[in-house]
Amino acid sequence: MRRVLLWLPLALFAALFGLVALGLFKPADRTVRSAMVDKPLPEFALPAMLPTKPGVARTSFGGGKPRLINVFASWCVPCIAEAPELMKLKAAGVPIDGVAINDTPEAIQKFLDRNGDPYERIGNDKASQVQIALGSSGVPETFLIDGRGRIVRQYVSNLQSDQVDDILKTWRGMR
Amino acid sequence: MTIVFALLIAAPALAQKAPLADTQLSDPAQEAQAKALMETIRCVECQGQAIADSNADIAGNMRSLIRERIKAGESPEQVRAWLIQRYGDYISYDPPLGGATWPLWAAPFVLLVIGIAIARSSFRRKR
């Protein structure tokens, strides 16, 4: 018993060392996920960002038609990386509404001219009101809304091609 | 030159801030309530900071949202509940007592009881 106890501090130290090493080599996932997934979309109405497209409102969702909400900004670098993936979704027929954070019409127009325009509507969310109401913590983020106006999925950060496949599969299944 | 350059970079960011991000409410009592709440809401971008201390855009926008809601007559706990509904308990530095957090609240008492037990047994041995 004594001999076992003698080794106990070293064993405890080794365990602690292992725990710290694990945290160092496999950092925890610090992504803040929305708690609104599986809940109905909250009420909101955003004015149009561009004169050529309508704004985004709660009333545009539901009615049996699933849609995507893409939270983005012209000043966001990962949004540029994401643009081709959104264009793929648009080409497949998925309707996408944009929620632009802290932005101006001129900057948005320039961003769309340069990176392509996948959006049917773009809402001007100047003060992040809708972004916060959705439980989104940054740009870009994408929400899949089903035909009954419920948030079914949240994709944090720029969409990857496997996530695009996942969206397409789910969207086709919901129609 | 450096200052001019810094202003050029900072100017667009300042121009886009939400209205009440860095503007106090005119009613000091409401402002005090809002400020106290901001100090216990986590910034989702620079995690580990409260939104009261954070320079992140979204933290400023959350401060503005909190001030607007307090101004409209909501209580700080109503606003906190609204934010928890959006982001989960993680957003609050004042975790509610619930299924996942009760060990956190129970731990100090459990440790105290263990400490007393250890102290008692070691005093008894000395006698």
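Worth saying up front: this structure is predicted, and the values here are computed from it rather than measured.

Scoring rules and cut-offs
- Residues numbered from 1 in each chain as written.
- Chains lettered and ligands numbered in written order.
- Predicted model: local features only at pLDDT ≥ 70, side-chain atom pairs only at ≥ 80, totals over all residues.
- Heavy atoms only, no water.
- Helix = DSSP H or I, 4+ residues; strand = E, 2+ residues; numbered from the N terminus.
- Buried < 20%, exposed > 50% of the residue type's maximum accessible area, 1.4 Å probe, protein only.
- Rg over C-alpha atoms; globule rule 2.2 N^0.38 Å.
- Contact = heavy atoms within 4.5 Å.
- Buried area = accessible area lost by both parts, 1.4 Å probe.
- Salt bridge = Lys/Arg side-chain N within 4 Å of Asp/Glu carboxyl O.
- Polar contact = N/O pair within 3.5 Å; in protein donor to acceptor, adjacent residues only side chain to side chain.
- Nonpolar A, V, L, I, M, F, W, Y, C, P; charged D, E, K, R; others polar.
- Disulfide = S-S within 2.5 Å.
- Pairing = 2+ DSSP bridges.
- Phe/Tyr/Trp six-rings, centres within 6.5 Å; stacked < 30°, edge-to-face > 60°.
- Lys NZ or Arg CZ within 6 Å of the ring centre and 35° of its normal.
- Core = buried A, V, L, I, M, F, W, Y, C linked by side-chain atoms within 4.5 Å.
- Expected span 1.5 Å × (residues − 1).
- Right-handed = clockwise from strand over helix to strand, strands pointing away.

Caption draft 1: Structural detail: the overall build of chain B. Each helix and strand counted, chain B has 5 helices and 0 strands in total. Counting the 127 residues in chain B, one finds 32% classified as buried.

Caption draft 2: Region of the structure containing the overall build of chain A. Along its length, chain A carries 5 helices and 5 strands. Its helices and strands taken in sequence order, chain A reads α-β-α-β-α-β-α-β-β-α from the N to the C terminus. Relative to the 2.2 N^0.38 estimate, which gives 16 Å for 175 residues, the radius of gyration of chain A is 22 Å and therefore markedly larger than a compact globule would have. Its C-alpha atoms give chain A principal-axis dimensions of roughly 80 × 35 × 30 Å.

Caption draft 3: Geometry of the interface of chain B and chain A. Taken together, the 18 residues of chain B in the interface contact 21 residues of chain A. For the pair chain B and chain A, the summed buried area comes to about 1600 Å², and 54% of that belongs to carbon and sulfur atoms. Across the contact surface, chain B and chain A share 0 salt bridges. Counting the contacts that link chain B with chain A gives 7 residue pairs in polar contact (both at pLDDT 80 or more). Breaking the side of chain B that touches chain A down by element, the ones donating at least two residues are α3 (57–71) and α4 (76–87) of chain B. Split by residue class, the side of chain B that touches chain A holds 10 nonpolar, 5 polar and 3 charged.

Caption draft 4: Examining the state of the cysteines more closely. All names here are of chain A. Under the criterion given, the structure shown has 1 disulfide over all chains. Through a disulfide, Cys76 is tied to Cys79; the S-S separation comes to 2.1 Å. Its S-S torsion of about 95° marks the bond between Cys76 and Cys79 as right-handed, since a negative value means left-handed. Assigned by exposure class, Cys76 and Cys79 land together as buried.

Caption draft 5: Highlighting the pairing of strand β5 (residues 151–156) of chain A. Residues and elements named next belong to chain A. Of the strand pairs in this sheet, strand β4 (residues 141–145) and β5 are connected by 5 bridges, and their pairing is antiparallel. Along β5, the bridge assignment pairs Leu144 with Arg153. Between β4 and β5, which follow one another and run antiparallel, lie 5 residues, and Gly149 among them has a positive phi close to 80°.

Caption draft 6: Spatial organisation of the packing of aromatic side chains. Residues and elements named next belong to chain A. If you walk through the whole model with that rule in mind, you get 4 aromatic pairs over all chains. Judged by centre distance (6.4 Å) and plane angle (45°), the ring pair of Phe44 and Phe61 falls under tilted. Separated by 17 residues along the polypeptide, Phe44 in the loop between α1 (2–25) and β1 (67–72) and Phe61 in the loop between α1 and β1 bring together distant segments of the chain. Judged by centre distance (5.9 Å) and plane angle (40°), the ring pair of Phe72 and Phe111 falls under tilted. With Phe72 in strand β1 and Phe111 in helix α3 (residues 105–115), this pair connects stretches of sequence that are 39 residues apart. Phe111 gets classed as buried once you look at its relative accessible area, which sits at 8%. Through a chain of ring-to-ring contacts, the aromatic side chains of Phe72, Phe111 and Tyr119 assemble into a single cluster. A cation over an aromatic ring shows up here: Arg67 above the ring of Phe61, its NZ or CZ 6.0 Å from the ring centre.

Caption draft 7: Fine view of the nonpolar core. Counting residues in each nonpolar core, the largest one holds 40 residues, and the members touching the most others are Ile69, Leu89 and Ile122 of chain A. Those residues within four positions of Ile69 of chain A in sequence are excluded, and the remaining contacts are Leu41, Phe44, Phe61, Asp97, Val99, Leu134, Glu141, Thr142, Phe143 and Ile145 of chain A. Counting 25 residues, the second largest nonpolar core, distinct from the first, contains Ile41, Cys43, Ile58 and Ile91 of chain B.

Caption draft 8: Fine view of α4 of chain B. If you check α4 of chain B, its first and last C-alpha atoms are 16 Å apart, about what 12 residues at 1.5 Å a residue would give, namely 16 Å. Of the residues making up α4 of chain B, those classed as buried are Pro76, Val79, Arg80, Trp82, Leu83, Ile84, Arg86 and Tyr87 of chain B. Against α4 (129–133) of chain A together with α2 (28–38) and α3 of chain B lie the buried residues of α4 of chain B. Remark: Gly88 of chain B follows α4 of chain B within two positions and exhibits a positive phi of approximately 85°.

Caption draft 9: Representation of the side chain of Asn115 of chain A within the structure. Residues and elements named next belong to chain A. Tracing the sequence through the fold places Asn115 in helix α3. You can call Asn115 buried: its relative accessible area is 17%. With near-sequence residues (within four places) excluded, Asn115 lies in contact with Ile80, Ala83 and Met87.

Caption draft 10: Molecular detail of the environment of Thr59 of chain A. All names here are of chain A. Among the structural elements, Thr59 can be located in the loop between α1 and β1. The exposure class assigned to Thr59 is exposed, which follows from its relative accessible area of 74%. Along the sequence, Thr59 and Leu46 sit 13 residues apart, while their C-alpha atoms lie 11 Å from each other.

Caption draft 11: Structural view of the pairing of strand β3 (residues 121–125) of chain A. Residues and elements named next belong to chain A. Within β3, 4 of the 5 residues are buried, which leaves it mostly tucked inside the rest of the structure. Sheet analysis places strand β2 (residues 96–101) next to β3, joined by 5 bridges and oriented parallel. Bridge assignment links Ala100 to a residue of β3, and that residue is Asn124. In this region the chain leaves β2, passes through α3 and returns to the parallel neighbour β3; the handedness of that crossover is right-handed.

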